[in-house]
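# Architecture and fold: a report
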There are 2 protein chains.
Amino acid sequence: MQMVCLPRLSRVAVCGGTHGNELSGVYLVRELLKVKKGVMEKEEEQEEEEPLSVLKVLSNPRAMQQCRRYVDTDLNRCFTHATLNGLTSGTVPYEMIRSRELNAMLGPKGRSGAVDLVCDLHNTTANMGLCLIAYSDCDWICLHIFRHLQRKMPDIPMRYIHFEVSNKESYSLDSVGKHGFAMEIGPQPHGVVRSNVYTAMKAGVQHMLDWVCFFNSGTLFEGESVDVFTMIKHIDYPRDSETRNITAAVHPHLQDRDFCPLHPEDPLFQTFSGETLRYKGNEPLYPFFINECAYYEKGIALSLARKRRVVIPTIRVQTEQEQAAHVQELASEEEE
Amino acid sequence: MQMVCLPRLSRVAVCGGTHGNELSGVYLVRELLKVKKGVMEKEEEQEEEEPLSVLKVLSNPRAMQQCRRYVDTDLNRCFTHATLNGLTSGTVPYEMIRSRELNAMLGPKGRSGAVDLVCDLHNTTANMGLCLIAYSDCDWICLHIFRHLQRKMPDIPMRYIHFEVSNKESYSLDSVGKHGFAMEIGPQPHGVVRSNVYTAMKAGVQHMLDWVCFFNSGTLFEGESVDVFTMIKHIDYPRDSETRNITAAVHPHLQDRDFCPLHPEDPLFQTFSGETLRYKGNEPLYPFFINECAYYEKGIALSLARKRRVVIPTIRVQTEQEQAAHVQELASEEEE
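Residues numbered from 1 in each chain as written. Chains lettered and ligands numbered in written order. Predicted model: local features only at pLDDT ≥ 70, side-chain atom pairs only at ≥ 80, totals over all residues. Heavy atoms only, no water.

### With respect to the confidence of the model for chain A
- Looking at chain A, the pLDDT average stands at 94 and 94% of residues meet or exceed 70.
- This prediction of the complex comes with two scores: 0.94 for pTM and 0.93 for ipTM. (pLDDT = per-residue confidence, 0-100.)

### With respect to the pattern of salt bridges
Residue and element names in this part refer to chain A.
- In this structure the tally under the stated criterion is 30 salt bridges over all chains.
- Its salt-bridge partner being R98, residue E101 comes within 2.7 Å of it at the nearest N-O pair. Taken together, the residues span about one helical turn, with E101 and R98 both in helix α5 (residues 94-106) at a distance of 3 residues.
- Taking the relative accessible area as the measure of exposure, E101 reaches 40% and is therefore partly exposed.
- By relative accessible area, which is 10% here, R98 ends up buried.
- Among the charged side chains, a network of salt bridges with common partners joins E22, R69, D74 and K298. (Salt bridge = Lys/Arg side-chain N within 4 Å of Asp/Glu carboxyl O. Helix = DSSP H or I, 4+ residues; strand = E, 2+ residues; numbered from the N terminus. Buried < 20%, exposed > 50% of the residue type's maximum accessible area, 1.4 Å probe, protein only.)

### Let's talk about the packing of helix α6 (residues 140-152) of chain B against helix α7 (residues 195-216) of chain B
Residue and element names in this part refer to chain B.
- Packing of α6 against α7 leaves a shortest axis separation of 9 Å and a crossing angle of 125°. One finds that α6 runs oblique with respect to α7. For the crossing formed where α6 meets α7, the hand is right-handed. Along the contact surface, α6 presents I141, H144, I145, H148, L149 and K152, while α7 presents G204, H207, M208, W211, F214 and F215.
- For the contact of α6 with α7, the residue count by class is 7 nonpolar, 4 polar and 1 charged. (Axes fitted to C-alpha atoms, helices over the stretch in contact; angles between N-to-C directions. Parallel < 35°, antiparallel > 145°, perpendicular 65-115°, else oblique. Left-handed = near helix turned anticlockwise from the far one by under 90°. Contact = heavy atoms within 4.5 Å. Nonpolar A, V, L, I, M, F, W, Y, C, P; charged D, E, K, R; others polar.)

### So, the UniProt feature "active site" (unreviewed entry) in chain A
Residue and element names in this part refer to chain A.
- The positions UniProt marks with the feature "active site" (unreviewed entry) are E184.
- Mapped onto the secondary structure, E184 falls in strand β7 (residues 179-186).
- Taking the relative accessible area as the measure of exposure, E184 reaches 6% and is therefore buried.
- For E184, the residues in contact, after removing those within four places along its chain, are H122, N123, T124, M128, G129, L130, C131, I133 and F289.
- Here N123 takes part through its backbone nitrogen, which lies 3.5 Å from a polar atom of the side chain of E184. (UniProt positions renumbered as here; feature names shortened; annotations may be inferred. Polar contact = N/O pair within 3.5 Å; in protein donor to acceptor, adjacent residues only side chain to side chain.)

### Overview of the interface of chain B and chain A
- The partner chain A presents 30 residues to the 30 residues of chain B that form the contact.
- Here chain B meets chain A over a buried area of about 2,500 Å², counting both sides, of which 53% is carbon and sulfur.
- Summed over the three residues of chain B that lose the most area to chain A, namely B:R194, B:S195 and B:F272, the buried surface amounts to 23% of that side.
- Along the contact surface separating chain B from chain A lie 2 salt bridges.
- Among the ionic pairs, A:R194 bridges to B:D256, the shortest N-O distance being 2.6 Å.
- Applying the counting rule to chain B against chain A returns 12 residue pairs in polar contact (both at pLDDT 80 or more).
- Breaking the side of chain B that touches chain A down by element, the ones donating at least two residues are α1 (23-34), α7 and β9 (248-250) of chain B.
- The class makeup of the residues in the side of chain B that touches chain A is 13 nonpolar, 11 polar and 6 charged. (Buried area = accessible area lost by both parts, 1.4 Å probe.)

Laid out in structure tokens, this is it:
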């Protein structure tokens, strides 16, 4: 099996409160900020090399203060190249200003100065367990971290979700790092913190940081295969053509069945008058984000994915010589 | 056993959206408003007497539009005599104006013109099943309706909660009617509608209206006994003394265990650093509204109740002669 050597991950960002009412991440990052030399960074003390730098970021403090997803617009849609670099005029939404601040702090997106890894913490009202959501199905760092978490947390249902979007078009905070993913855990109502969800997120972040330390210190991670769920399409609620109000809820047979295959003719919605509406697709797909609170306004009742096995190679960190050559390579790329 | 004769219930109000993000009630009342001559009122067609008038009210349309609990202040705290009747000056919060509109429509509170029964529909993020919440433990109408629902919906955990507050101090919309209760169903995240919760609420409202029709048409309801949970006190989250941020979540052993007895020294909270905090009361009590989203800002992590058996008498509707005498009696009371 091939072996891939990848650059050291020197700077990792752990972000919470990108959505101000997703409270596990808010309270976890607050806790990490308190713990200056605590459990979360004990590895670095054991290292003789340059320690790992972990930036802890509360992404949307204004939304957090109001315990709302956002104040003016969804911050986690503000990190496309266009939004970060476009001209602004008139009254600029708060989150557009904040996305530029975060890009200055953790990016610039797509450039060599960006942090090596962004882990952005999210919650969902959907019964999704712990998911890593990323824009790549061939980012070996993200995929190996995922496998590490799966092994370390066998009691938590865990999936890797892939949104097939180019780096330029990618819109979320985690796209600012060289590598990045959202760590999404549910079910938890927005505006609520459930101890079990908080604890799972804390463990997930700890194992992620552990993995980065192992990787940096030269550990070789064996290749293997991973199930990847690639998002295919969204399905909206049935709506009244005039008022745009929804006219049905997710069917009770589908509710909470995230990642269980949905077959053609399976129940999809139950109208408020009691009628069952069925899935009219022509292939079985895997539903997720079923009945996520924040997606009512986005017109998404659930998303559908195709599952595929991805073979990931054995990886290890680059030696210092390899790293030096790599840096030079990147620099000349950026000059172009 | 004693028999109590009570006035006919001619006007019933079913209210949803008192909290704009508690969606079961919002969508149920919208559905009822659509169904002009549908299932919900078929009884009245069979009656030869004066039909039952069912008012369907969307209580807080502005909050519903924004899918928030309220716009300026919690509408369901605006129905005290003081708030309804006090002088206002300056900028009046929207919900204060709206509470007076609703009092004009369904009340006036405490007067003979008020509707006979208000059923106000609510959702909670707590695992409370279906609860009727009322200010009285001797309102035989509410208690008999409760028993009827319990019998008709044996699969739904159901409790009667009593807040010991005088009519003058009672603050919620249901206090405007001659009889009234909140029908509270959970768990459901605010901003989300779950089909099973919606369906339970729809059945609850249907059975409540059925009961009123049975009662009005002379059915005798046998006396029996009912468990009543009387609210004793609230417990807040542990908080940081400076920031007032919470420093712990409800303990995983307590989360979702609404109405299971909480004993002294049982786990109560788990701090964000992992420590267990225990219940320091000196008697077992029954927790409810455990980790309700909307109560973080009110400083309530859970409420505690004492359970008691209440004997309710046999009741039937007053005959026309009894009713006439009763109306005269009320009128002379109001003149005083």
